[in-house]
Amino acid sequence: MNTRSQFDHLFTLYAPIAAFVFLVVLATLLFALVRYRAGRGHEPSQKTQHKVLEPLAALVFIGAACFLAVNAANANAAERNQLGPAQLHVRITGFQWCWAFYYPASHVTVRGNCTTDTPTLVVPTGKVIGFSLTSADVVHEWWLPYARWKEEAFPGHFNYFKLRFDHPGHWSGLCDEFCGLYHDRMDFYVRAVSPARFDAWLAARAAKGPGA
Amino acid sequence: MSTTELSARLPEKKRLNIAEIATSTDHKVTGLLTLGTALVFFAIFGGFALTMRADLASPAQQLISTHLYNELFTLHGSGMIYLVITPIALGLGIYLVPLLIGAPGLALPRTAQLAYYCLLGSGFVMLSGFLTWGGAADTGWYSYMPLSTSLYSPGKGVDLWIGAVFLAALSGLLYSVSIIWTVVRMRAPRMSMLRMPIFVWSEVVTAMMGLAAFPALIGAMVLQTLGRVDPAYFTHDLPNLDYQNLFWFYGHPVVYIMFFPFVGCVAEVIQTFGQRRYVGYKPTVLSLLLFAAMSMSVWGHHMFTTGQESNEYFSATSTALSVPAGLEYFGFLATLIGAKLRFKTPLLFALAFIPQFLVGGLSGIMLAAPTLDYQFHGSYFVVAHFHYTLFAGSVFGFFAGFYYWFPKATGRMLSERLGKTHFWLLTIGTNVTFGPMFAAGFLGMSRRVAHYPSYLHTLNVVETLGSAVIGLSMLFLVVNVGQALLHGPPAPADPWDGHTLEWATTSPPPLFNFPKGLPPIKSFAPLLDWKQSLRARRATEKPTEPVASRPAVLGSGARPEPEAGT
């Protein structure tokens, strides 16, 4: 999963750094609280600046920020650009309050109503899938937590992104931009199957006609 | 003057004159009205949050309808940001800035008064949505278009919400103008810019961001108004994206408007209760200014998932904010190391602020990476992040300042025991409520939902229990304040052995603040300089000085020498 692996890569870089910084500050704080409590009867320091330590700290912060920014930019570029041309196109349309998935090559539409019928997006494993995302009314957001990926759906505009599912599976996704009264019902499923099973499924759906 | 003149005594019993309070241009009256009103709103909009948390105790429970839930989260967010934290941040400045720079009042007192009435009106207009047929606004605090156009939200609630936000934006703008102009025009002689206490600097940069940010919010509300009369304009992409850009151009600086004054509170509290001067004054001031400037170029990180933003640029600018933030933390820790800490209630809140805000800050740096934001955007991870900054950070910083300056503002001492109970319960409640939200968001819980998948049930039950502890802790605050105002011990002029000028006058300060003049101003801690020079003089003159001339306020029987021109 291209997006998931980039997320995992970056998260395993950020999380230990964040934990380390937190623990250093916490340890310094606790040390100060115990060591410099008034009960010990010492005199407070008269020092008002650290002429060497402070610029040094600033340099460390600048270095850390550069390191993180470069890594973040690289991960983002890789996530957006690393896959080749799409081998299958799917158009996702969000509407109040459900989703429609349209396979233009075979004119198949899967549309749910999210009360009695949660729509399932069926995709083949191992193929680069190009998605175009839009909305029929207000701003929605297509979120598949398993993929570590979401993007907003705007009316009158298409957003494009590519995903590749490496393994078969069945996951749930949801709308993540508040879109009105039944926003919290806007769930969908993604089912990744082998290319052979996908082709069979698509052919069966196409045979039922465009209205199915 | 006699030695008792500035010492503790009960304020004179005086009937409250409503007309006088409502029309007074004294900055202390305007400041306290602002803070008091914002605290009443805090209780109302906090109550909304507790109601929502109760509803979320079960994945499907319908304690309240989905429609009401949507109204509550909209007004909770709008209220806390437009009517609570922003006014508290600026109201503290209205009350304290003149006192800390040795001024008799504000430079533009009627402007500040007008700002207060805009705030009051804004609250009434926003809440009046509940009286309309369709209910209050239910489109979220940033109310994305086209959902909030009259096509998709036909009720009057959104109309009233837009009016309320117009008023709140105007209020913030007028408060900001008033604070900046006071600092420019009203500083006491020899109170140069680099002798202003850190709290005053925090208010200056806050007001500077306010001048840049609130007009953008007014512009965004113009678009909202257009959407109410001509929703067709918002059927294509561009105006909807315009709105998001304009809104976040306000929305990101404003998170620092809701943060810096509390950094200022924490800095003042740490140095007073640490009994030393702040370490790294100039780098801290510089970092505040840098922070304010950089805050204007990071708004796009709210829009990483729109697919129409320059993600790598905004990621870099947002990550760069960790540099000035790091310098501020350096100042906190460097002041604590080598201090002589007196663990009074204000210091406890200031100390808890440091690691708790850090959790918010570090998770913020994660959100500045687009790849991580693609998962976290709009999820409970973000909810946890900004509650760690705004609640575990700003609200704790506010309480540090509240317990610190309460004796000055009211002339009464609060109970330490109740204050510490409040502190411990609030700290426990805060972390139990907001900590698990990081996990919930990571696992796929979206914000603004009244229903959620059942695998998130345990986390939500824990969060709801935590929120009950927060609610409980606030009762101790209410009891403490009520008890102090009714029969608390009178506060002396300088109960904490303070460093700054507000402690050089009576508690509460009289009209025009410093009728007895000011101590000489030689640094950002003028009162500490004065006390130290008196101590030094007393040490050399000890044999001749009678023991009876014990200090009332300034550590000596002598009154401060008035500066020329005050």
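Residues numbered from 1 in each chain as written. Chains lettered and ligands numbered in written order. Predicted model: local features only at pLDDT ≥ 70, side-chain atom pairs only at ≥ 80, totals over all residues. Heavy atoms only, no water.

**Q** I'd love a proper account of the overall build of chain A, names of residues and values included.
**A** The secondary structure content of chain A amounts to 3 helices and 10 strands. Reading chain A from its N end, one meets helices and strands in the order α-α-β-β-β-β-β-β-β-β-β-β-α. Here chain A has a C-alpha radius of gyration of 25 Å; the compact-globule value for 212 residues is 17 Å, and the former is much larger. Each principal axis of the C-alpha distribution contributes one length, and for chain A these read about 85 × 40 × 30 Å. Per-residue burial for chain A yields a buried fraction of 47% across its 212 residues. Partitioning the intrachain contacts of chain A with sequence separation of at least 6 by distance along the chain shows that 65% fall at a separation of at least 24. With an accessible surface of roughly 9,800 Å², chain A has 61% of that area assigned to carbon and sulfur atoms. (Helix = DSSP H or I, 4+ residues; strand = E, 2+ residues; numbered from the N terminus. Rg over C-alpha atoms; globule rule 2.2 N^0.38 Å. Buried < 20%, exposed > 50% of the residue type's maximum accessible area, 1.4 Å probe, protein only. Contact = heavy atoms within 4.5 Å. Areas by Shrake-Rupley, 256 points an atom, 1.4 Å probe, with all protein chains shown as cover.)

**Q** Provide a residue-level description of the overall build of chain B, including the pertinent values.
**A** Along chain B, the regular secondary structure elements total 17 helices and 0 strands. By its C-alpha atoms, chain B is 85 × 45 × 45 Å across when sized along the principal axes. When burial is assessed residue by residue, chain B has 63% of its 566 residues classed as buried. Within chain B, counting contacts between residues at least 6 apart in sequence, those at least 24 apart form 83% of the total. Here chain B has roughly 19,000 Å² of accessible surface; of this, 69% comes from carbon and sulfur atoms. Positive and negative side-chain charges in chain B, numbering 34 and 27 respectively, have mean positions lying 13 Å apart. (Lys, Arg positive; Asp, Glu negative; His and termini not counted. Charge placed at Lys NZ, Arg CZ, Asp CG, Glu CD.)

**Q** Summarise the pattern of salt bridges; cite the residues concerned and give the values.
**A** Residues and elements named next belong to chain B. Inspection of the entire model under this criterion finds 11 salt bridges over all chains. Taking the shortest distance from any N to any O, the salt bridge between Arg-277 and Asp-529 comes out at 2.7 Å. Placement of the pair is Arg-277 in the loop between helix 8 (260-273) and helix 9 (281-294) and Asp-529 in helix 17 (residues 526-541), with a sequence separation of 252 residues. Classification of Arg-277 as buried rests on a relative accessible area of 17%. (Salt bridge = Lys/Arg side-chain N within 4 Å of Asp/Glu carboxyl O.)

**Q** Got a sec to walk through the environment of B:Met145? Specific residues and values, please.
**A** Relative to the elements of secondary structure, B:Met145 occurs in the loop between helix 4 (109-128) and helix 5 (156-185). Taking C-alpha positions, B:Met145 is 9.4 Å from B:Thr235, a pair spaced 90 residues apart along the chain. Setting aside anything within four residues of it in sequence, one finds B:Met145 in contact with A:Val139, B:Leu223, B:Gln224, B:Gly227, B:Phe234, B:Asn240 and B:Tyr243.

**Q** Outline the side chain of B:His385, listing residues and values.
**A** Residues and elements named next belong to chain B. Within the element layout of this structure, His-385 appears in helix 14 (residues 380-410). The exposure class assigned to His-385 is buried, which follows from its relative accessible area of 15%. When near neighbours in sequence (up to four residues on either side) are disregarded, His-385 contacts Gly-360, Ser-363, Gly-364, Leu-367 and Phe-438.

By themselves, these figures tell us nothing about what the structure is for.
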